[in-house]
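These are the residues of each chain, in order.
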Amino acid sequence: MNHQPDPCERTRQLIVELIDGELSLTEAGELNQLLRSDRKHAEQAVDQLLLDSLLAAELGTESLTALVDLVSEEPSASDATQPETSRPVAPRWPFNSRRLWQSLGGAAAVAAVVVAFVMSRWENSALASATTIVQAALETHAEPVERVYIVQTERPAMTEPEFNHPRDVRVATQGDRF
Amino acid sequence: MSSDVRNQVVQEIARYQPRLRGFVRCLLVRSSDVDDILQEINAVLWEKADEFQPGTDFWAWASQIARFKVLNHVRKLGRERLVFDDEVLERLAEIAGSRLEQLDQRRTALDHCLQQLPPPQRQLIDLRYTSGQTIDFIAESIGRPAGSIRQTLYRIRSALQACIERQLAAGGESS
């Protein structure tokens, strides 16, 4: 007896394989057909992929090339509940850290930003706006040099309490990647 | 372009990173390629910053650029291997755009649902996502078959998905 797998279940399985990086060429074609055949399969796929993306964003690693070390002067309550030694050091792309992109989101409220570029064997410090930092990063990332940025932020007195997040952020880049 | 507009674009790019990332991922981009594409999208958004009209919908503008970038990426891959066609990707983009309108609520729901996981399940999720370990590595480390780990992760993600939907349906109230 020939059992045809349920298309919904099959779509789910194939998306799991896609998430796990194990989708074969033949399976990719099969998944394409399933997604094309029924909108609810596509909705199911989006839900699974969105959850995977959220888990990666919330819990840690999305890029092995990303390396950001958040140094918080005032650890949050949830951080404090974990022993220092048990806390995983997860490489992160800077915008993925909720704390960091909140800080970037509040860039306009930042009174002063000091950027220290450590490139190879020399070190330089500069005062810059958030805009200048991004512009400088885009330009310098074109060069295949490993570098580390140390970004220190100072908040104005009127900053809202919820923007009480790390003041020192280290961003390591390799080549043109964070 | 004035520095005010530049500052605004920087803020918007930062604010929309999670949504852009989710959008790219939902278009069947391999996780290992998501960062590269996101970097390209960010660079294009910055380069085209002077085209952005302050006061208009940043997400509408950014998601168009993101969609274009992903389609280009997929077409490039298409020369090497069979991948997903434009019709499917357009459908996924439309659905993803709709789902991502609730991203903040989904994230809050996920935080809640993660706290409800039994410790062994939470540890497995942490191994996979926090430590970024491969399924094979996890399987070897804890002496279980990779297929078993894959199935368990699948069940955990399904449970999380169901929990998130319940949370959203309940309006985000803790249950």
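Small disclaimer: the values here were computed from a predicted structure and weren't measured.

What counts and how
- Residues numbered from 1 in each chain as written.
- Chains lettered and ligands numbered in written order.
- Predicted model: local features only at pLDDT ≥ 70, side-chain atom pairs only at ≥ 80, totals over all residues.
- Helix = DSSP H or I, 4+ residues; strand = E, 2+ residues; numbered from the N terminus.
- Contact = placed C-beta atoms within 7 Å.
- Buried ≥ 20, exposed ≤ 12 C-beta atoms within 10 Å, placed from the backbone.
- Core = buried A, V, L, I, M, F, W, Y, C linked by C-beta atoms within 7 Å.
- pLDDT = per-residue confidence, 0-100.

Asker: Explain the overall build of chain A here, please?
Answerer: The number of helices and strands found in chain A is six helices and five strands. In chain A, the succession of helices and strands from N to C terminus is α-α-α-β-α-α-β-β-α-β-β. Restricting to contacts in chain A with at least 6 residues of sequence separation, those with at least 24 account for 69%.

Asker: Any chance you could explain the overall build of chain B here in plain terms?
Answerer: Across its full length, chain B carries nine helices and zero strands. Of the regular secondary structure in chain B, the N- to C-terminal order runs α-α-α-α-α-α-α-α-α. When the 175 residues of chain B are sorted by exposure, 30% land in the buried category. Sequence separation of 24 or more characterises 69% of the internal contacts of chain B that already satisfy a separation of 6 or more.

Asker: Honestly, the nonpolar core in this entry has me stumped. Any pointers?
Answerer: Where a protein is soluble and globular, its nonpolar side chains tend to be buried together. Counting 54 residues, the largest nonpolar core has Val24(B), Leu27(B) and Leu92(B) as its most contacted members. With eleven residues, helix 3 (residues 39-59) of chain A is the single largest residue contributor to this core.

Asker: Mind showing me how you'd approach the confidence of the model for chain A here?
Answerer: Close inspection of predicted coordinates is inappropriate for parts of the model with low pLDDT. Across chain A, the average pLDDT comes to 61, with 32% of residues at or above 70. For chain A, the element scoring lowest by mean pLDDT is strand 1 (residues 67-71) of chain A, at 30; helix 3 of chain A scores highest, at 93.

Asker: Just to check I follow, could you spell out helix 7 (residues 119-130) of chain B for this structure?
Answerer: Along an α-helix, residues three or four positions apart point the same way, because every turn accommodates 3.6 residues. Within the sequence span of helix 7 of chain B, burial applies to Leu127(B), Arg128(B) and Tyr129(B). Following helix 7 of chain B by one or two positions, Gly132(B) has its phi on the positive side, about 70 degrees.

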